[in-house]
Amino acid sequence: MSPKIRVLIVDDSASVRTTLADIISADPELEVMGTAPDPYVAVERIRQEVPDVIFLDIELPRMDGITFLRKIMSQRPIPVVICSSLAQDGSDAFMQALEAGAVDVVAKPRVDTAQFLQDSRMRICDAAKAAAHARMRGRQRPSPIARAPVPDLKVEARLTADAILPPLSESRRQSLAARMPETQPIVAIGASTGGTEALREVLEALPADSPALLIVQHMPERFTTAFARRLDATCSIRVKEAEDGDFVQPGQALIAPGNLHMLLMRNGSRFTVGIEEGPHVSRHRPSVDVLFRSVAQAAGRNAMGILLTGMGDDGARGLLEMREMGSPTIAQDEASSIVFGMPKEAIQRGAAARVLPLGAMAAEITGHGRKTVARGTA
């Protein structure tokens, strides 16, 4: 039996601490080693016992969460999950937390309906397990949790992309792949834990005339709006949170909105995106599998699929479908991944034609754009 993942909760709200503790303690792989109403109390807890993961609010008394996070990362790096209810007016603080070293972000649990509570429970517990596997720069000791196998995923939450978009039959797939006309190049990217900083590194390295990009980053609603806005301010390409019916065009990245699926749709020689609710797929909404399957069916070999850091297997099936339709496919290598879960699963399934470090992704994206355009004009 692997040891339980020990979680420290830091939040000034007693009700939030209680709700989080109840959710985390109910998972057999997790345990709450303590709670704290502010960073000073949290420090005393850490002196007594070092947690595997910290759930941290941003707005705290006596010391704000970002300042505390920076102190943790500079002195004794511990995986930190930001647990916040900040809306758009707090987007700068939210992005500063990710840049300071937080490995993931979750919304504070909602208890207004049974479904919202269930969604919160799944997201919070998954985030804790993924964070425990995170490779932290400068971490003084590897957690024994980091060497534990990825836990099995529950059957009831294992809906596949079939729930949103039916798969193609083998004959239909072969026929469509053979007749796929040359169209604009598209790049589909999926990421989870550690993906926010990985995506920032890739997108900031792209020139303004890059191929169109479609991105699924596992993140709660509203936070994707802030994430897209921040990237748009630092990148040469345009970055925006996708809206239903948006045109897919060069020099632009569309990020799937939190809690909604994004699909690629074809209209003649042009492409748009569809935004849908639907059930969680591969335990996520938005799901990388849903995006990748839609891209495989709509764009085929004109699209490139890239799977970045993250825990679980979301995206592995869809990336394989993209490869079967003639798309070049890439998985991030272990050395540059914060969590080598999703890329590893894709590699093991034969979905990734190549395995590359994060620093090579931008060149591959621009190269795909040039090759697709050249093929279309030949």
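In case you missed it, the structure is sitting above this.
The structure contained in this document is the topic of the report that follows. (Residues numbered from 1 in each chain as written. Predicted model: local features only at pLDDT ≥ 70, side-chain atom pairs only at ≥ 80, totals over all residues. Heavy atoms only, no water.)

### A word on the pairing of strand 12 (residues 303–307)
Short version of the rule: With a 1.4 Å probe rolled over the protein chains alone, any residue whose accessible area is under 20% of its type maximum counts as buried; one over 50% counts as exposed, and the rest are partly exposed. Each helix corresponds to a stretch of at least 4 residues labelled H or I by DSSP, and each strand to a stretch of at least 2 residues labelled E; elements are numbered beginning at the N terminus. Note: two strands are recorded as paired if DSSP finds a minimum of 2 bridges between them. For crossovers, right-handed means that the path from the first strand over the helix to the second runs clockwise, given strands pointing away from the viewer.
Among the five residues that make up strand 12, five are buried, leaving the element largely enclosed by the rest of the structure. Burial along strand 12 is two-sided: Ala 303, Gly 305 and Leu 307 facing one way and Met 304 and Ile 306 facing the other are all buried. Looking at chain direction, strand 6 (residues 186–191) and strand 12 are connected through five bridges and run parallel. In the strand pairing of strand 12, Gly 190 is matched with Leu 307. Pairing analysis gives three bridges linking strand 12 to strand 13 (residues 329–332), with the strands arranged parallel. Of the residues in strand 13, the one forming a bridge with Leu 307 is Ala 331. Running through helix 10 (residues 316–324), the crossover from strand 12 to the neighbouring parallel element strand 13 is right-handed.

### Section: the environment of Gly 341
Selection criterion: For this analysis, residues touch if any pair of their heavy atoms sits within 4.5 Å.
Positionally, Gly 341 belongs in the loop between strand 13 and helix 11 (342–348). Here the alpha-carbon distance between Gly 341 and Gly 312, two residues 29 residues apart in the chain, equals 5.4 Å. If we skip the residues at most four places from it in the chain, Gly 341 touches Gly 310, Met 311 and Gly 312.

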